[in-house]
Amino acid sequence: MDRLQLSPLTNKAFPFPIFFSILPSFVSFLLFSSLLFSSSFVLASVNDGEVLSIQHQCIEHHFSALLHLKQGFIFSDDYNTTRLSSWNPDNRDCCSWEGITCDGATGHVTSLDLSELHIYGRIDFVSLFHLQSLQKLNLAYNDFDGSPIPSGFEQLTSLTHLNLSSSKIYGQIPLEISRMTTLVSLDLSYNTNYNGLNSNTLKLENPNIGELVQNLSSLRELHLDNVKISVEGNEWGLALSSALPHLGKLSLRNCGLSGPIHPSFSRLHSLFELDLSGNTLSSAIPNFIGNFSDLTSLSLSGCGLHGKLPESICRLPNLQTLDVSFNSLLNGPLPSSLANLSNLIYLDIKLNGFSGPLPSSLANLNQLAYLDLSSNGFSGPISSSLFSLPSLQELHLWGNQFSGELGEFQNTSSSLLEIIHLYDNKLEGHIPSSIFQLTMVTELRLYNNSFNGTIPSLNGNALHNCMELDFSNNLLSGTIPSSLFSLPSLQVLYLRDNQLSGQLGPFQYTSSSVLQIIDLSNNSLSGTIPSSLFSLPSLKRLYLQENQLSGQLGEFRNPSSSLLDNIILDKNKLEGPVPMSIFLLTKLQFLSLSSNNFSGDVDLGLFQSLRNLLSLDLSDNNFSVHDDRSNSSSMSYPQIQYLSLRSCNITKFPNILRNQESMSSIDLSNNNINGEIPKWLWKFAKYTLFYLNLSHNALEGLEQQFPYNSSNSLQYLDLSFNKLKGSIPIPLISSVFFSLSSNHFSGEVPSLICNYTFLQVLDLSHNYFNGFIPPCLGQISDALIVLNLGGNAFHGPLLQTFKEECTLKTLDLNGNQLEGQVPSSLARCKKLEVLNLGNNQIHDNFPFWIENLSQLHILILGSNKFHGTIEHPQANHTFPLLQIFDLSDNSFTGKLSSNMFRSWKAMMKTKSQSQFLSKTFGKGYYQDKVIIVSKGLRMELVKILTAFTVVDLSNNQFHGDIPESVGNLSSLVVLNMSYNHFTGQIPASLGNIKALESLDLSHNSVSGEIPWQLTKLNFLAVLDLSQNLLAGSIPQGQQFNTFTDKSFLGNSGLCGIPLLKKCEHVEAHASPPLAQSESKYDWRSMWIGFGVGYGVGMGILFWTLALRMNGMREFTIFIDKMLMLIFPCEAFILMHRY
């Protein structure tokens, strides 16, 4: 009996007959299912998530087309040639090749990515167009050498993504692109090549943008950055919004588009990224942008936007990036509603016109990683809460008006801040210690503020990752903590322009120090420079100039392995010999030791080993420089570009110059070089030399004239203060600064000199030139700033015609024999600061139109034949900046107007700080100088401070009262009204001129008593009231006790000391009233007496120094420093007796 099999599910007998009947079909089903499973199992993601079937290899004609395509590839970078190694004819399955994705079912190539392969040259698009199953094509970041986009792209009927960005394809975008109706993403951006004045770019002109997109309704992403789009007005906005209703990402940076944005643009409700930066929208930000609720990124940088930031932008819930930078007309305060942008990660509004305090709500932007508010007009304090934003990595607040102190902030240990830029503000107080506890910071720039206090010592992980620290141009004081030099990541340390003091070192750096740049210049550091500083293993640049460092430089270790390429130590007090270690720094490029006290001899031959040296400055020391070791080989010396050996006791042109090929700047001034200027020196002028200063030497001639008729580079040429003679050497065609002052040149000045259109300074003063001044000099150049022909023997008329666009700031014709009238065309020179026509034969009335020259500081018409009044019925009496007014030795008549003196505002201000009146021209400068009479001496002011003021009306025929308003000129230093016909009394208001040092009213007819108020003039050193009609007692006390009888002679009615005539009846008001609090002992007189004695003693000392020092330049530099230190408001005066 057969056993029945029970089903485990039903406990019933299994139906074997039925099972065996269906078994063949069941087996077939299992085999088919297994085949399907195994086929799907072997599918793998091999290329950025794309599925590649290994069941079907790529079809044959795709294989052939791809191989043919590769054969035309040229790689601009050899490294990249290995990246397509899989494109091999032995591997016939092109679906496995790099950058290729195929359809798993058919084997058709659907995606080709050749981006960033540095393919160079023209690509074989014919082979490419055989891949008609392509859906995605990416050729970005290659170099197709200016190839245009070819016709034929419409053959790729399945293409949805096309990226040809940054591929150097130029020319017109073809119309065929508009027929690619399946496109979802199109990127043709950044195909521009700027080459000098010309640029190549991709253009969208014909077809225009409307024709390009009219059939591309499926487009979701469009990138045309830097494509030159030609379209009328703002029609581009209408074209895009009409044709591309589903557009989500739009980038049109720098396309030359005009605004405003068309209102129809508001229909693009699907936009989530919008970038229109670099176009000329010239409008307010439209409010409808606030309706783009899906917007995550908005960039409108550099669009000429104006108005305020609309509140509607602050209602975009998904916004992550907002960039409206470089729109200088965007203004107003930042809306506090910015805090509503809770997803904001990137906020950039730099270089705009926003102002006011920062809204405190910014502290609520917890997702913010990048914040840039730089270069606006924000003011008020910076909230410390900004530093505590949990996600913030970069904080840029530079270039504003932020003020006040920075407060301490919390959570320094968890802060992500990497970059802090707070420079160019008005911040003050101590730098918060919290900043020094930030462990992630890599850049900390606080320069150009008013921070004070000391720099704290650093401990633990403080600034552990900091690579750049810049505290320059603040008010920091105290010593520099040595721990700064041991920060493990610090590469750049800038502390220049502070008030830091103390000695350098000892330093706590290690052999692992990565410091590359140290700039401690312009502080008050003292003591010696540790030689170990030069041995920092990574140090490249060391700037210690303008300190008080002293002592000798010691030798330092391992100079031959040093990386130092810049050593700048000028303007210190270093002394002794130059260490030999410096001559072993083989990487050195810039070396400046100028303005120190180094001594001994320096042989230029020692620099032969410094093969990389570009700039060498040894000027103004106590050593003597020579080049005895030099030889004629051009390979012996480095090829130096900048050489300054000023005041180095040189007696001949250094041979090192003969071996140079590309000199740019040479300064050999203030030496003892004699003989001729060698002809080989001009070889540099033809190609590279732009600055040559040979002034203050004993040169007597030129071995060869300048190569003025050839192309050359020399712009600054100073041959002044030598013994050069002969006819004028015509300046080089490129000259900007040309000075032959104080030589022995003679003859006439040819009109050829007027052809030099680049000239800014022409100084031929103090020579023996004669003849007429070339009339064309008044129109010589659009750039001429200084024309000085003074101290010669020119005769004939003044220059009569000046250009309409006259740029002159200084015109000095003093000391010639010029005649005629002052030309009215000179009124065109609106920038004129110095007009010196003194000591000529000019016969004219006062030129009233000159009062319209509002920039005039100095007016000298003295020693001529001027006549008539200086009061015009309609005169405005301007001259707001006038500081020297000299009409002496003429025949002017009439009364002086009170209003004239009231208009001279510059003489009414007390200058707490003063500066020299000069003009700067790049590397060079021009120092104005004039001759005046003061304190009985004829003086040449070779350096004129803006605080030095003079009024000289002497030797004329003025009459009437001296106006009381003269007393308003409170900063006047010299007042000379002698040799006129003034009457009336001396104004008591003159006692208000506290700065007055010289007062001369002699040889007039003034009467009455001498005002006791004059005794209050504590700086008065010269007083001459002689030859008048004064009467009464001479006031006593204070400075008046120092004057002799010569100050009062010729006044028969005067009595009292210092005259022999005694007063019979002393009036109570003849002397100043004695204040109750005033001591019986005259302390002021004591100090004044001390000052006079001190002045005499210092005069003897200065004269002794002048005799002992090497050259007048060294002496004048010394006097400069002394006078600016002791009397910052006085002018430096070089006095010459005649």
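None of the values given here were measured: they were computed from a predicted structure.

Structural notes on the overall build of the protein
Right, so step 1: Secondary structure assignment for the protein yields nine helices and 79 strands.
Right, so step 2: The buried share of the protein, taken over its 1138 residues, is 52%.
Right, so step 3: Contacts in the protein between residues at least 24 apart in sequence constitute 59% of all its contacts with a sequence separation of at least 6.
Right, so step 4: When the accessible surface of the protein is totalled, it reaches about 49800 Å², and 52% of it is carbon and sulfur.

Topic: the pattern of salt bridges
Right, so step 1: One pass over the full model with this rule turns up 14 salt bridges.
Right, so step 2: With a shortest N-O distance of 3.6 Å, Arg445 and Glu443 are connected by a salt bridge.
Right, so step 3: Asp497 is the salt-bridge partner of Arg496, the closest N and O atoms lying 3.8 Å from each other.
Right, so step 4: Judged by relative accessible area, which is 27%, Arg496 ranks as partly exposed.
Right, so step 5: One connected set of salt bridges, linked through shared partners, spans Asp348, Lys350 and Asp372.

A short note on the pairing of strand β26 (residues 401-405)
Right, so step 1: Burial of β26 is one-sided: the residues Phe402 and Gly404 facing one way are buried, the residues Gln401, Ser403 and Glu405 facing the other way are not.
Right, so step 2: The pairing of strand β24 (residues 377-380) with β26 spans two bridges and is parallel. Across the sheet, Ser379 pairs through a bridge with Gln401, a residue of β26.

Focus on the state of the cysteines
Right, so step 1: On inspection of all chains with the given rule, the structure shows five disulfides.
Right, so step 2: Here Cys58 engages in a disulfide with Cys94; their sulfurs sit 1.8 Å apart. One end of the pair, Cys58, is in the loop between β2 (50-52) and α2 (60-71); the other, Cys94, is in the loop between β3 (74-75) and β4 (100-102), and 36 residues separate them in sequence.
Right, so step 3: The exposure class of Cys58 is buried, given its relative accessible area of 8%.
Right, so step 4: Its relative accessible area of 0% is what places Cys94 among the buried residues.
Right, so step 5: Paired by a disulfide, Cys806 and Cys829 hold their sulfur atoms 2.1 Å apart. Handedness of the Cys806-Cys829 disulfide follows from its S-S torsion of about 90°: it is right-handed. Of this pair, Cys806 sits in the loop between β58 (793-797) and β59 (810-812) while Cys829 sits in the loop between β60 (817-819) and β61 (834-836), placing them 23 residues apart in sequence.

Here we look at the environment of Ser96
Right, so step 1: Turning to its location among the elements, Ser96 is positioned in the loop between β3 and β4.
Right, so step 2: The partly exposed category is assigned to Ser96, whose relative accessible area is 39%.
Right, so step 3: In this structure the C-alpha to C-alpha distance between Ser96 and Ser86, which are 10 residues apart in sequence, comes to 7.9 Å.
Right, so step 4: Engagement of the side chain of Ser96 in a polar contact is seen with the side chain of Asn91, the distance being 3.2 Å.

Let's talk about the sheet that holds β60
Right, so step 1: Taken in spatial order, the five strands line up as β52-β54-β56-β58-β60 in an open sheet, and their pairing is parallel. Strands with a single pairing partner mark the edges of an open sheet, and in this sheet they are β52 (725-726) and β60.
Right, so step 2: When β52 meets strand β54 (residues 744-747), the two strands line up parallel, connected through two bridges. Directly across from Gly726, in β54, lies its bridge partner Phe745.

Topic: α2
Right, so step 1: With 12 residues, α2 should reach 16 Å at 1.5 Å per residue; the first-to-last C-alpha distance of 17 Å fits that figure.
Right, so step 2: Along α2, the residues that are buried comprise His62, Phe63, Ala65, Leu66, Leu67 and Leu69.
Right, so step 3: If you follow the buried residues of α2, they end up packed against β4, β5 (109-113) and α3 (125-128).

With respect to the pairing of strand β32 (residues 475-478)
Right, so step 1: For strand β30 (residues 450-453) and β32, the ladder comprises two bridges, and the chain directions are parallel. Within β32, the position partnered with Gly453 by the bridge is Leu476.
Right, so step 2: Note that β32 and strand β34 (residues 499-503) share two bridges and pair parallel. From the neighbouring strand, Gly478 faces β34, where its bridge partner is Leu500.

Points about unusual backbone geometry
Right, so step 1: Of the consecutive residues Gly259 and Pro260, the connecting peptide bond is found in the cis state with omega at 0°.
Right, so step 2: With respect to the helices, strands and loops of the structure, Pro260 is situated in the loop between β15 (249-251) and β16 (273-275).
Right, so step 3: Each neighbour pair has its own omega, and for Ile1057 with Pro1058 the value is 10°, a cis peptide bond.
Right, so step 4: Among the secondary structure elements, Pro1058 is positioned in the loop between β78 (1053-1055) and α8 (1083-1108).
Right, so step 5: Residues other than glycine seldom take positive phi values, yet Asn522 does so here, at roughly 55°.
Right, so step 6: Mapped onto the elements of the fold, Asn522 is located in the loop between β35 (517-519) and β36 (524-527).

Some thoughts on the packing of aromatic side chains
Right, so step 1: Enumeration over the complete set of coordinates arrives at 32 aromatic pairs.
Right, so step 2: Ring plane angle 80° and centroid distance 6.3 Å describe the contact between Phe73 and Phe75, whose orientation is recorded as edge-to-face. Each of the two residues, Phe73 as well as Phe75, counts as buried.
Right, so step 3: Clustering of aromatic rings is evident, with ring pairs tying together Phe846, Phe848, Phe866, Phe892, Phe958 and Phe982.

So, the side chain of Asn743
Right, so step 1: Position of Asn743 among the secondary structure elements: in the loop between β53 (737-739) and β54.
Right, so step 2: By relative accessible area, which is 2% here, Asn743 ends up buried.
Right, so step 3: Among the polar contacts listed, one links the side chain of Asn743 to the backbone nitrogen of Lys723, at a separation of 3.3 Å.
Right, so step 4: Aside from chain neighbours lying at most four places away, what touches Asn743 is Leu719, Ser720, Phe721, Asn722, Lys723, Leu724, His766, Asn767 and Tyr768.

Looking at the side chain of Ser521
Right, so step 1: Structurally, Ser521 can be placed in the loop between β35 and β36.
Right, so step 2: Assessed through its relative accessible area of 4%, Ser521 is described here as buried.
Right, so step 3: If we ignore the near neighbours within four places in the chain, the residues touching Ser521 are Arg496, Asp497, Tyr543, Leu544, Gln545, Glu546 and Asn547.

Some words on the confidence of the model for the protein
Right, so step 1: Looking at the protein, the pLDDT average stands at 84 and 82% of residues meet or exceed 70.
Right, so step 2: Of the regions scoring below 50 in pLDDT, residues 1-55 engages in 33 contacts with residues more than four places distant in sequence or in other chains.

Some details on the nonpolar core
Right, so step 1: Counting residues in hydrophobic clusters, the biggest one holds 288 residues, and the most contacted among them are Leu112, Phe153, Phe265 and Leu618.
Right, so step 2: By residue number, the principal contributor to this core is α2, which donates five residues.
Right, so step 3: In contact with Phe265, other than residues within four places in its own chain, are Trp236, Gly237, Leu240, Ser241, Leu250, Leu271, Leu274, Phe288 and Phe292.
Right, so step 4: Among the nonpolar cores identified, the runner-up in size contains eight residues, and Val834, Ile858, Ile884 and Phe948 belong to it.

Some thoughts on helix α5 (residues 235-243)
Right, so step 1: For α5, the set of buried residues is Trp236, Gly237, Ala239, Leu240, Ser241 and Ala243.
Right, so step 2: Tucked into the core, α5 has its buried residues touching α4 (209-213), β13 (221-223) and β15.

Points about the sheet that holds strand β75 (residues 1007-1008)
Right, so step 1: The strand order across the open sheet formed by three strands is β75-β77-β78, and the pairing between neighbours is parallel. Strands with a single pairing partner mark the edges of an open sheet, and in this sheet they are β75 and β78.
Right, so step 2: Bridge analysis of β75 against strand β77 (residues 1029-1033) gives two bridges, and the strand direction is parallel. Considered in β77, the bridge of Gly1008 is made with Leu1030.

Considering the environment of Gly600
Right, so step 1: With respect to the helices and strands, the residue Gly600 is situated in the loop between β42 (597-598) and β43 (601-603).
Right, so step 2: Among all residues touching Gly600, those that are not within four sequence positions of it are Phe623 and Ser624.

Quick look at the environment of Gln401
Right, so step 1: Here Gln401 shows up in strand β26.
Right, so step 2: When its relative accessible area of 37% is taken as the criterion, Gln401 is described as partly exposed.
Right, so step 3: As for Gln401 and Leu427, which are separated by 26 residues in sequence, their C-alpha atoms are 8.3 Å apart.
Right, so step 4: Apart from the residues lying within four places of it in its own chain, the contact partners of Gln401 are Phe378, Ser379, Gly380, Asn425 and Lys426.

Cut-offs used in this document
Residues numbered from 1 in each chain as written. Predicted model: local features only at pLDDT ≥ 70, side-chain atom pairs only at ≥ 80, totals over all residues. Heavy atoms only, no water. Helix = DSSP H or I, 4+ residues; strand = E, 2+ residues; numbered from the N terminus. Buried < 20%, exposed > 50% of the residue type's maximum accessible area, 1.4 Å probe, protein only. Contact = heavy atoms within 4.5 Å. Areas by Shrake-Rupley, 256 points an atom, 1.4 Å probe, with all protein chains shown as cover. Salt bridge = Lys/Arg side-chain N within 4 Å of Asp/Glu carboxyl O. Pairing = 2+ DSSP bridges. Disulfide = S-S within 2.5 Å. Polar contact = N/O pair within 3.5 Å; in protein donor to acceptor, adjacent residues only side chain to side chain. Expected span 1.5 Å × (residues − 1). Phe/Tyr/Trp six-rings, centres within 6.5 Å; stacked < 30°, edge-to-face > 60°. pLDDT = per-residue confidence, 0-100. Core = buried A, V, L, I, M, F, W, Y, C linked by side-chain atoms within 4.5 Å.

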